[in-house]
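# Observations on the three-dimensional arrangement
This is what each chain is made of:
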Amino acid sequence: MEIIMTRLTFFAASLVLVVPFFSNQVFAGEECVSGSAVIREMNLARQNPALYASYIEELRSHFDGRFLVLPGHMRLCTKEGLGAIDDAVRFLRSVRPLPALTLSPGMCRGAADHCAEQMNGAMGHDGSDRSNPGARMSRYGAWSSSWGENIAYGKTTARDIVIALIIDDGLPARKHRQNIFNPNFNYAGAAYGPHARYRSVCSIDFAGGYTERGQIVAQNL
């Protein structure tokens, strides 16, 4: 089981995450991030990693040493600088394409429960009732084989979220990336919502197999 969390700082690191130069679209009313949009974006990366490498490589021109220079000359300090960018590009150009993750409504509901619990500023993978991601998924169906979770804070677009998790700045094991490109994960659910400390939270759950609650009932009839 892989449980990975990120928060606000740059791309994605053990307890730290934030993003490139994307605008506050979700708060400005120009675009609304949805769980399904995040899963579509992950599937684009899984199915066409070479294309996704080009998206990440575009960030190189915005670096000054370890600083990412955003429009308006805002500077964000990264842990690895271009090293994390280049590592992600190498990975994406070498990895074989994977099948798309199947969007699970039940897993999305479990992720939404966690986002709702964290809107007042809480962080982490444990719920207020000490539930873990597997338990939250089990509220709406039954997972099998394995499960994992990524959490991103402070992101404003689906691409922003996925790029940050793939780059995994400051986290040498690249656990967020491993979840996205884990060939044993076939199902995913995601949710996005407001967060008191970092403005937004996105919870993404993965599973090797998943049966929706309604399907379980039908099978038992």
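Here is a short report on the structure shown in this document. The structure presented is a predicted model; accordingly, all values stated were derived computationally and were not measured.

### Focus on the packing of helix α2 (residues 35-47) against helix α3 (residues 49-57)
Where α2 meets α3, the axes come as close as 5 Å, and the angle between the chain directions of the two elements is 110°. Considering the angle they form, α2 stands roughly perpendicular to α3. In this structure, α2 contributes Glu-41, Leu-44, Ala-45, Arg-46 and Gln-47 to the contact, and α3 contributes Pro-49, Leu-51, Tyr-52 and Tyr-55. Here the residues of the contact of α2 with α3 are counted per class, giving six nonpolar, one polar and two charged.

### Some details on the packing of aromatic side chains
Here the structure, examined in full by the defined rule, presents five aromatic pairs. Here Tyr-52 and Tyr-55 contribute two aromatic rings whose centre-to-centre distance is 5.2 Å and whose plane-to-plane angle is 70°, an arrangement assigned as edge-to-face. Remark: Tyr-55 and Tyr-52 occur in helix α3; sequence separation between them is three residues, near one turn of the helix. The exposure class of Tyr-52 is buried, given its relative accessible area of 0%. Here Phe-91 and Phe-181 contribute two aromatic rings whose centre-to-centre distance is 5.1 Å and whose plane-to-plane angle is 75°, an arrangement assigned as edge-to-face. Remark: Phe-181 occurs in the loop between α8 (175-180) and β7 (187-195) and Phe-91 occurs in helix α4 (residues 82-94); sequence separation between them is 90 residues. Given a relative accessible area of 23%, Phe-91 falls into the partly exposed group. Over the face of the ring belonging to Phe-67 we find Arg-75, whose NZ or CZ atom lies 4.5 Å from the ring centre.

### Focus: unusual backbone geometry
Not every positive phi belongs to a glycine, and Arg-130 is a case in point at roughly 70°. Within the secondary structure layout, Arg-130 lies in the loop between α5 (105-118) and α6 (133-138). Its relative accessible area of 75% is what places Arg-130 among the exposed residues. Despite not being glycine, Asp-168 shows a phi value in the positive range, around 55°. With respect to the secondary-structure elements, Asp-168 resides in the loop between α7 (158-167) and α8. The class for Asp-168 is buried, based on a relative accessible area of 0%.

Each value, and the rule that gives it
- Residues numbered from 1 in each chain as written.
- Predicted model: local features only at pLDDT ≥ 70, side-chain atom pairs only at ≥ 80, totals over all residues.
- Heavy atoms only, no water.
- Axes fitted to C-alpha atoms, helices over the stretch in contact; angles between N-to-C directions.
- Helix = DSSP H or I, 4+ residues; strand = E, 2+ residues; numbered from the N terminus.
- Parallel < 35°, antiparallel > 145°, perpendicular 65-115°, else oblique.
- Contact = heavy atoms within 4.5 Å.
- Nonpolar A, V, L, I, M, F, W, Y, C, P; charged D, E, K, R; others polar.
- Phe/Tyr/Trp six-rings, centres within 6.5 Å; stacked < 30°, edge-to-face > 60°.
- Buried < 20%, exposed > 50% of the residue type's maximum accessible area, 1.4 Å probe, protein only.
- Lys NZ or Arg CZ within 6 Å of the ring centre and 35° of its normal.

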